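# Remarks on the overall topology
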Amino acid sequence: MLRIGPALTRRAVMAGGSAMAAAAMIGCTRGANSGVVSGSRLPEMRIGGIPTALNAAEHSFRLGENSGPTPAWLYGDAPFPVYRLRLGESLDVTLTNRLKEHTSIHWHGVRGPNAMDGVPYVTQSPVQPGESFAYRLTPPDAGTYFFHPHCDTAAQLGRGLAGVLIVDDESSPFDDDIVCVLKDWRVAKDGSFLPFVTTQGAGRGGTFGTIRTVNGRIAPEITVPAGADIRLRVLNVDSTRVSDIGIRGAQAQLIAVDGNPLAPFAMETWRLGPAMRMDIALRTPQAGGKIALTDYFAQEPVTLATLVSEGASKRNAEFAFAGLTAPKRAEPDLANAERHELKLSASAAATDYPAPTAIQLPDGRRIDLLDSLCSTAQTLWAIDGKTWPQMGHENLPPPLMSFTRGTSVRIELTNTTPHVHPMHLHGHSFKVLSASRLKRPEHWADTVLVMPEERVEIAFVADNPGNWMIHCHIIEHQDTGMMGWFRVV
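Residues numbered from 1 in each chain as written. Predicted model: local features only at pLDDT ≥ 70, side-chain atom pairs only at ≥ 80, totals over all residues. Heavy atoms only, no water.

### Quick word on the overall build of the protein chain
We count it as follows: Under the scheme used here, helices are H or I runs from DSSP no shorter than 4 residues and strands are E runs no shorter than 2 residues, and both carry numbers assigned from the N terminus. Buried residues are those whose accessible area, probed at 1.4 Å on protein chains only, stays under 20% of the maximum for their type, while exposed residues exceed 50% and partly exposed ones sit between those limits. Note that accessible areas follow from Shrake-Rupley with a 1.4 Å probe, and for residues the cover is restricted to the protein chains shown.
From N to C terminus, the protein chain includes three helices and 35 strands. Here the protein chain holds 489 residues, and the buried ones make up 61% of them. Counting every atom, the protein chain has about 18,500 Å² of accessible surface; 50% of that belongs to carbon and sulfur.

As structure tokens, then:
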């Protein structure tokens, strides 16, 4: 029986309160014979200022000994490659599409240039099979991010098409840096994929997977140095599942949300929805000790992964972490901010848009057609009473909002539905000011959970010009109407 220590009390109200591996690739390889993903750490590569080729292609692997081979779509030989660069370094990635349908890369949470945001028919033309697209940007903030496609997202992300992007500060006070990617897979016993979208799931809280994994493995054990201060980066790249993440077996402090530093406080649980990330600082136990990464949002706590200490203790002083360096970012002028309310609602019919207009790309090209991969035959959800176009609309809808560059903005997200919606804003980070139900400290984020019948107020400075998406990151909600865009000029 695994002994981890007493479980922390689960509650929704939060109380206030590296020497990284030098190798380019770390720890995770495919089994040479079995095809089972082995090793518990993800493959890592430093790419700062280095031209990097990235192929989106199908690779078969087994999610577990009791599952058949799964025809996953990956950005490498193994799930969830981790790309690292230092703050101030450039990202120079060329995507080549080896899939049977078009795709793109959205750099989720990165406040990059609009032309590099990776949204087909809004910021770029889709990357067709056999074609390539060069992404060039310099992330302005350190933090934990990820990347994924933004068209036919339920299927492409559902098949595993996602990776991790980490922008490091110049120095790290940690002895180790661990990445844990949470994702469910909707597979049958033989390993084949089940439908990614169901009518029942799309109209409710989403369609859940059949196998829960961390780093593509079921409840893996991850070896960590004993008596060490480590940074644990937890990313929820699932299409549906919301978790209450907690730590058993060690003191833990929450130090960043969606890559954005916050004043560290002792953590019990943190509600982590799809596309959200959290960075945790903790001290590992002596050799042989174990720490459980736990989901309490279930009838019984679920151990997602276990950290196992080994070796001589690295530190003897009392565990204390002063916090991460705050990014250079414009604070919104709340007193003079432009106010908007966006209602999140169900919708039985698509919106009839009068005289829709084409999208002007940053390079001067116009995009008029919205193909069937980027729209849906069924609309179930709406933002501000408007749905993303159904199949048959030839143009994108008008923007939900337009701002002059530099405008401070306050938006109240009002959920009128009985289901949760993790709302994501492209191109900007926002400050979560208040929430009527799920109490959290004020913090910066790019995705925020809006609970059923809840009002959440956010604020930001619209300082990044371009056409930017806002949508629910329960992918079936996004793909069936709960998506729109806003313009900054």
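### Topic: the pairing of strand S35 (residues 483–488)
Basically, it comes down to this: Strands were regarded as paired on the criterion that DSSP finds at least two bridges between them.
A large share of S35 lies buried, amounting to five of its six residues. Bridge count for strand S34 (residues 466–472) against S35 is six bridges, and the pairing is antiparallel. Opposite Gly466, over in S35, you have Val488 as the bridge partner.

### What about the sheet that holds strand S12 (residues 176–185)?
Selection rule: For helices, the fitted axis covers only the stretch in contact; all axes are lines through C-alpha atoms, and the angles between them, taken along N-to-C directions, range from 0 to 180 degrees.
Strand order in the open sheet made by the six strands is S13-S12-S15-S20-S17-S18, with mixed pairing throughout. The sheet is open, and its two edges are formed by strand S13 (211–214) and strand S18 (260–266), each paired on a single side. In this sheet, neighbouring strand axes are inclined to one another by 20° on average, regardless of whether the strands run parallel or antiparallel.

### Some words on the environment of Trp270
Note that Trp270 resides in strand S19 (residues 269–272). Distance from Trp270 to Ile245, taken between C-alpha atoms, is 5.3 Å for residues 25 residues apart in sequence.

### Section: the packing of aromatic side chains
The condition is simple: Pairing of aromatic side chains here covers Phe, Tyr and the six-membered ring of Trp, requires ring centres within 6.5 Å, and sorts the geometry by plane angle: under 30 degrees stacked, over 60 edge-to-face, intermediate tilted. Only Lys NZ and Arg CZ are tested; either one counts as a charge over a ring when it is within 6 Å of the ring centre and within 35 degrees of the ring normal.
Throughout the structure, instances matching the rule amount to 13 aromatic pairs. Arranged with centres 6.2 Å apart and planes meeting at 45°, the rings of Phe80 and Trp185 form a pair that is tilted. Note that Phe80 is positioned in the loop between strand S5 (69–74) and strand S6 (82–86) and Trp185 in strand S12, a separation of 105 residues in sequence. The residues Phe80 and Trp185 share a single accessibility class, namely buried. One residue, Arg159, lies across the ring of Trp73, its end atom 4.7 Å from the ring centre. The ring of Trp444 carries Arg329 above its face, with NZ or CZ at 4.1 Å from the centroid.

### Focus on the sheet that holds strand S33 (residues 455–462)
If you walk across this open sheet you meet the six strands as S26-S23-S28-S33-S30-S31, and the pairing is mixed. Sheet topology places strand S26 (381–383) and strand S31 (443–445) at the edges, where each strand pairs with a single neighbour. Strand-to-strand twist of the sheet, defined as the mean angle between neighbouring strand axes without regard to direction, takes the value 25°. Two strands pair when backbone bridges link them, and strand S23 (residues 338–346) and strand S28 (residues 407–415) are joined in this way by seven bridges, in the parallel orientation. The partner of His340 across the bridge, within S28, is Ile411.

### With respect to the side chain of Arg410
Worth spelling out the cut-off: Any two residues whose heavy atoms approach within 4.5 Å are treated as being in contact.
By the secondary structure assignment, Arg410 is in strand S28. Here Arg410 falls in the buried class, since its relative accessible area comes to 14%. Beyond its immediate chain neighbours, meaning those up to four positions away, Arg410 contacts Leu334, Ala337, Glu338, Arg339, His340, Leu433, Glu457, Ile458 and Ala459.

### Structural notes on the environment of Ile280
Relative to the helices and strands, Ile280 resides in strand S20 (residues 277–283). On a C-alpha basis, the gap between Ile280 and Pro264 in space is 8.9 Å, while along the polypeptide they are 16 residues apart. Non-local contacts of Ile280, meaning those with residues more than four positions away in its chain, are made with Ile230, Arg231, Leu232, Val234, Ile247, Ala252, Gln253, Leu254, Ile255 and Met267.

### Focus on empty space enclosed by the protein
Applicable threshold: Within this scheme a cavity is a closed region of a 1 Å grid, computed over the protein atoms alone, that accommodates a 1.4 Å probe without allowing it to escape, whereas a pocket is open but has protein on both sides within 12 Å along at least five of seven lines; lining residues each have an atom within 4 Å of a point. Grid points are joined across faces, edges and corners, and a volume is the space filled by probe spheres set on the points. Asp, Glu, Lys and Arg are counted as charged, while Ala, Val, Leu, Ile, Met, Phe, Trp, Tyr, Cys and Pro are counted as nonpolar; the rest, among them Gly, fall into the polar class.
Taken as a whole, the largest cavity holds about 130 Å³ of empty space. Those elements that place two or more of their residues in the lining of the largest cavity are helix H1 (153–158), S12 and helix H3 (475–479). Take the lining of the largest cavity: its biggest share by element is three residues, from S12. Within the lining of the largest cavity, the residues separate by chemical class into five nonpolar, five polar and five charged.

### What about the pairing of strand S11 (residues 163–168)?
For S11, the buried fraction is high: six of the six residues fall into the buried class. Burial along S11 is two-sided: Gly163, Leu165 and Val167 and Val164, Ile166 and Asp168, pointing in opposite directions, are all buried. Note: S6 against S11, five bridges, orientation parallel. Bridging across to S11, Leu85 finds its partner in Val167. Here strand S10 (residues 143–148) runs beside S11; their pairing, made up of five bridges, is antiparallel. Pairing of Phe146 across the sheet is with Val164, part of S11.

### Some points on the side chain of Arg231
Looking at the secondary structure, you find Arg231 in strand S15 (residues 229–236). Judged by relative accessible area, Arg231 falls into the buried class, the value being 9%. Once residues within four sequence positions are removed from consideration, Arg231 is found in contact with Phe174, Asp176, Asp177, Ile178, Ile255, Asp279, Ile280 and Leu324.

On their own, these measurements won't tell you what the molecule is for.
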